[in-house]
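# Fold and contact review
What follows is each chain in one-letter form.
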Amino acid sequence: MSDSSAQNVDPQEIRKFERMASRWWDPEGEFKPLHQMNPVRANYVDAGSPVAGRRIIDIGCGGGLLSEALAQRGAKVCGLDMGGAPLEVARLHALESQLDINYQQCSAEDFAEQHAEQFDVLTCMEMLEHVPDPLSTIKACSALVKPGGYLYFSTINRNPKAYAFAILGAEYMLKLLPKGTHEYSKFIQPAELCCWLRQAGLCVEDISGISYRALSQSFYLNAEDSSVNYVLRARKETY
């Protein structure tokens, strides 16, 4: 592992998700929100750049929820994560699902050194708020994608409403997530994310919110409200 990538890994964050890895595919467990959100994320990616037949890399893939959803749509998927336990769960579930997904335990920075410009599409969902240096991750993501390729990021906005919904509501009141899953200071405002993307040679094409219906316990794409969860599509500039 290079010095730069070693500095961009939070061991506490890795341990947090390793402890929950065995329950990654339980739709009623700690990852229930990800299960509920996954169809929205997969549909957003597939609508913005149809994935069938394309080489896709899923950064921070965890137990493989999005990786499998994209593979089921015909994509050739590589999943990257720094957690060994989630990756073992992902490999086993892919085998059971009869899906050919290439899972690698590696940082985006290190993987980009050996696999520059090899992917048509990149996804990095709910991951940037868990690394010490998001810009380092974004630059590595940019390096992995071919010129003209697409990148998708999702994260959580940083404002009082996001704190109320994503931490107080989701972790303490509704108990959708374990307490301590998120740190408010690591949430990322869209303007900050767009600035980092431009520094990495990426052009933002769309920002949409992902909103939650408490009564039906479901997420939906909301182009009018990115105040809490949001997803973004960017394109790598051609030379």
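My aim in this report is to walk through the structure given alongside it, one point at a time.

A word on the overall build of the protein. Helices and strands together make up the secondary structure of the protein, namely 9 helices and 8 strands. The C-alpha atoms of the protein give a radius of gyration of 16 Å, which matches the 18 Å a tight globule of 239 residues would have. Counting only C-alpha atoms and orienting by the principal axes, one finds that the protein spans roughly 45 × 40 × 35 Å. Among the 239 residues that make up the protein, the fraction classed as buried is 55%. When the accessible surface of the protein is summed, it comes to about 10,800 Å², and 51% of that surface belongs to carbon and sulfur atoms. Distance from the positive charge centre (23 side chains) to the negative charge centre (30 side chains) of the protein: 3 Å.

Moving on to the packing of aromatic side chains. Taken as a whole and assessed by the stated rule, the structure comprises 8 aromatic pairs. With a centroid separation of 4.0 Å and an interplanar angle of 20 degrees, the aromatic rings of tryptophan 24 and phenylalanine 31 are classed as stacked. Pair check on accessibility: tryptophan 24 and phenylalanine 31 agree, each one buried. Plain terms: the ring middles of tyrosine 44 and tyrosine 152 are 5.7 Å apart, the flat faces sit at 85 degrees to each other, and that makes the pair edge-to-face. Of this pair, tyrosine 44 sits in helix α3 (residues 32-48) while tyrosine 152 is found in strand β5 (residues 145-156), placing the two residues 108 residues apart along the sequence.

Judged by how many residues are buried, helix α7 (residues 134-144) sits mostly within the fold: 9 of 11 residues are covered. Listed as buried for α7 are Pro134, Leu135, Ser136, Thr137, Ile138, Ala140, Cys141, Ser142 and Leu144.

The topology assignment puts asparagine 102 in strand β3 (residues 102-105). Look at asparagine 102 and you get partly exposed, because its relative accessible area is 37%. Along the sequence, asparagine 102 and cysteine 78 sit 24 residues apart, while their C-alpha atoms lie 4.5 Å from each other. Those residues in contact with asparagine 102, other than ones at most four positions away along the chain, are Val77, Cys78 and Gly79. A distance of 2.8 Å separates polar atoms of two side chains, one belonging to asparagine 102 and the other to glutamine 104.

Thresholds applied
- Residues numbered from 1 in each chain as written.
- Predicted model: local features only at pLDDT ≥ 70, side-chain atom pairs only at ≥ 80, totals over all residues.
- Heavy atoms only, no water.
- Helix = DSSP H or I, 4+ residues; strand = E, 2+ residues; numbered from the N terminus.
- Rg over C-alpha atoms; globule rule 2.2 N^0.38 Å.
- Buried < 20%, exposed > 50% of the residue type's maximum accessible area, 1.4 Å probe, protein only.
- Areas by Shrake-Rupley, 256 points an atom, 1.4 Å probe, with all protein chains shown as cover.
- Lys, Arg positive; Asp, Glu negative; His and termini not counted.
- Charge placed at Lys NZ, Arg CZ, Asp CG, Glu CD.
- Phe/Tyr/Trp six-rings, centres within 6.5 Å; stacked < 30°, edge-to-face > 60°.
- Contact = heavy atoms within 4.5 Å.
- Polar contact = N/O pair within 3.5 Å; in protein donor to acceptor, adjacent residues only side chain to side chain.

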